[in-house]
Amino acid sequence: MDIKKLIEEARKAEKYAYAPYSNFRVGAALLTSSGNIYTGANVENASYGLTICAERTAIVKAVTAGERDFNVICVTSSGKGFVYPCGACLQVLAEFSPHIRVIVTDENDNYCEYLLKDMLPNLFLFDK
Ligand code: THU
């Protein structure tokens with residue numbers, strides 16, 4: 001899969017962010033092992049703690065469509081510099097795909113690639 005295409009999809013999703021409190025819009029595009037792309041944006045709330053990040057929006061959309069194996073997630077934002085997923089989103093990604101690649105972008109769509117296991121080396125997993 002072309003990383004540029006994933007960035008494009010994340011940028012498109014970013015437009016649908018609901019971020020009236022922070023004015024910080026985030027988009028995410030999640031590529032599944034079956035080749036499908038699920039996108040998400042952040043959805044804020046007047047009760048700030050109820051805000052949902054773009055990454056988790058995309059993950060929940062994918063999981064509720066029957067997909068649980070993810071290869072790549074790409075994150076874009078309206079901010080300057082590279083924007084990284086928060087710890088909560090890394091943990092939720094780890095639940096499904098500890099091997100996932102994480103692509104972060106800056107305002108010019110330059111990108112850096114990481115492995116989730118390097119970003120969150122001691123993730124919490126529970127024996128099912
Ligand atoms: N945000 C995300 O959507 N993803 C992240 O990884 C970091 C933060 C959102 C949450 C909130 O709506 C805004 O960015 C500012 O924190």
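Predicted, not measured: the structure shown is a model, and the values here were computed from it.

Caption draft 1: Representation of the overall build of the chain. The number of helices and strands found in the chain is four helices and five strands. Starting at the N terminus, the α and β elements of the chain follow one another as α-β-β-α-β-α-β-β-α. Scaling as 2.2 N^0.38, a compact globule of 128 residues should have a C-alpha radius of gyration of about 14 Å, and the chain matches this with 14 Å. Along the three orthogonal principal directions, the C-alpha set of the chain runs to about 40 × 35 × 30 Å. When burial is assessed residue by residue, the chain has 41% of its 128 residues classed as buried. Restricting the contact set of the chain to residue pairs at least 6 apart, pairs at least 24 apart contribute 62%. In the chain, the 13 positive side-chain charges and the 15 negative ones have mean positions that sit 3 Å from each other.

Caption draft 2: Expanded view of the packing of aromatic side chains. Scanning the entire structure with this criterion turns up four aromatic pairs. Centre to centre, the rings of Y21 and Y48 are 5.5 Å apart; their planes meet at 45°, and the pair counts as tilted. Placement of Y21 in the loop between α1 (3–14) and β1 (26–32) and of Y48 in the loop between β2 (37–41) and α2 (54–63) is noted, with a sequence separation of 27 residues between them. Judged by relative accessible area, which is 58%, Y48 ranks as exposed.

Caption draft 3: How the structure looks around the pairing of strand β3 (residues 70–77). Taken across its eight residues, β3 has seven buried, putting it largely inside the fold. Here β3 pairs with strand β4 (residues 101–105) via four bridges, running parallel. When the bridges of β4 are listed, I73 appears paired with V102.

Caption draft 4: Representation of unusual backbone geometry in the model. Even without being glycine, N23 reaches a positive phi, approximately 55°. Along the polypeptide, N23 turns up in the loop between α1 and β1. The phi dihedral of D109 is positive, around 65°, even though this residue is not glycine. Here D109 is to be found in the loop between β4 and β5 (111–115).

Caption draft 5: Geometry of the environment of A65. Position of A65 relative to the elements: it lies in the loop between α2 and β3. When its relative accessible area of 46% is taken as the criterion, A65 is described as partly exposed. Residues A65 and N36, spaced 29 residues apart in sequence, show a C-alpha to C-alpha distance of 11 Å.

Caption draft 6: Structural detail: the site of the ligand. Near the ligand the following residues occur: S22, F24, V26, N42, E44, T51, C53, A54, E55, Y84, P85 and C86. Within the side chain of N42, an N or O atom sits 2.9 Å from an oxygen atom of the ligand. Partitioned by chemical class, the residues of the shell around the ligand number seven nonpolar, three polar and two charged.

Caption draft 7: Expanded view of the nonpolar core. With 19 residues, the main nonpolar core has L30, F70, I73, L93, I100, V102 and L116 as its most contacted residues. Every element with two or more residues in this core is listed here: β1, α2, β3, α3 (87–96) and β4. It is α2 that provides the largest number of residues to this core, a total of four residues. In contact with I73, not counting residues within four places along its chain, are A28, A29, L30, E55, L93, I100, R101, V102 and I103. Among the nonpolar cores identified, the runner-up in size contains nine residues, and I3, A10, L31 and V72 belong to it.

Calculation notes
- Residues numbered from 1 in each chain as written.
- Predicted model: local features only at pLDDT ≥ 70, side-chain atom pairs only at ≥ 80, totals over all residues.
- Heavy atoms only, no water.
- Helix = DSSP H or I, 4+ residues; strand = E, 2+ residues; numbered from the N terminus.
- Rg over C-alpha atoms; globule rule 2.2 N^0.38 Å.
- Buried < 20%, exposed > 50% of the residue type's maximum accessible area, 1.4 Å probe, protein only.
- Contact = heavy atoms within 4.5 Å.
- Lys, Arg positive; Asp, Glu negative; His and termini not counted.
- Charge placed at Lys NZ, Arg CZ, Asp CG, Glu CD.
- Phe/Tyr/Trp six-rings, centres within 6.5 Å; stacked < 30°, edge-to-face > 60°.
- Pairing = 2+ DSSP bridges.
- Near = heavy atom within 4 Å.
- Polar contact = N/O pair within 3.5 Å; in protein donor to acceptor, adjacent residues only side chain to side chain.
- Nonpolar A, V, L, I, M, F, W, Y, C, P; charged D, E, K, R; others polar.
- Core = buried A, V, L, I, M, F, W, Y, C linked by side-chain atoms within 4.5 Å.

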